[in-house]
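In case you want the letters, here they are:
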Amino acid sequence: FAMAALDARRPRAFVDVDIDDAQQKFARACHFVESCDLKYGLTSKKVGELGGREILSLPELVANDFEWAAKGPIRARPQPNCRVVFELYDDVAPLAVENFSALCRGDRGTDKGSGVPLTYVGSPFHRVVKGFVMQGGDIVKGNGSGGASVYGKKFKDE
């Protein structure tokens, strides 16, 4: 994976990516340990303070616990930061850059048509082709068939 040098004069935006709902799975693991430490003889109420064997046993403990298995899978260790940095070409595509920046900031309220918040927070990447492309940004339906912008449904393609 090669990354081109960023131009210091260009504005940038970033998106922190949660792969496979890892943050929610880790939060679930933390809650499980806090709630069930005595039941399973764990040495701490905090995941970060558990020993290696305890960490490795957590997925099996959850899977075999009827109540907790129904809540979904866990992740015993936090996901490393996964940040995608975008260099913005506002001199080439000013409308697209402003729309993208505003959706990253999430400071423009809600979409009048759908009523969804104008933000990328919680918006999935609906298509990922390793080594080629990640597509996302459908804040309305989350699958690439919907969408909204700070200018309304569509704006001029730059």
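Computed from a prediction, not measured in an experiment: that's the story for all the values here. (Residues numbered from 1 in each chain as written. Predicted model: local features only at pLDDT ≥ 70, side-chain atom pairs only at ≥ 80, totals over all residues. Heavy atoms only, no water.)

A. Spatial organisation of the pattern of salt bridges. For the structure shown, the criterion picks out nine salt bridges. Between Asp 16 and Arg 83 there is a salt bridge, and its shortest N-O distance comes to 2.6 Å. Residue Asp 16 is found in strand β1 (residues 12-16), and its partner Arg 83 is found in strand β2 (residues 83-87); the two are separated by 67 residues along the sequence. For Asp 16, a relative accessible area of 47% puts it in the partly exposed group. By relative accessible area, Arg 83 is classed as partly exposed at 47%. Residues Arg 105 and Asp 107 are paired through a salt bridge, measuring 2.8 Å at the closest nitrogen-oxygen approach. Residue classification places Arg 105 among the partly exposed positions, given a relative accessible area of 47%. When its relative accessible area of 45% is taken as the criterion, Asp 107 is described as partly exposed. Each of Glu 98, Arg 105, Asp 107 and Arg 108 takes part in one network of salt bridges that share partners. (Salt bridge = Lys/Arg side-chain N within 4 Å of Asp/Glu carboxyl O. Helix = DSSP H or I, 4+ residues; strand = E, 2+ residues; numbered from the N terminus. Buried < 20%, exposed > 50% of the residue type's maximum accessible area, 1.4 Å probe, protein only.)

B. Region of interest: the environment of Lys 130. Along the polypeptide, Lys 130 turns up in the loop between β3 (125-129) and β4 (133-136). As for Lys 130 and Ser 57, which are separated by 73 residues in sequence, their C-alpha atoms are 31 Å apart.

C. Broad picture of the nonpolar core. Phe 32, Val 33, Leu 42, Leu 50, Ile 55 and Leu 58 are the most contacted members of the largest nonpolar core, which totals 14 residues. Those elements that provide at least two residues to this core are α1 (22-36) and α2 (52-63). Each residue touching Leu 50, except ones within four places of it in the same chain, is listed here: Val 33, Leu 42, Thr 43, Ser 44, Ile 55 and Leu 58. Membership of the second largest hydrophobic core comes to seven residues, among which are Ala 102, Leu 118, Ala 148 and Val 150. (Core = buried A, V, L, I, M, F, W, Y, C linked by side-chain atoms within 4.5 Å. Contact = heavy atoms within 4.5 Å.)

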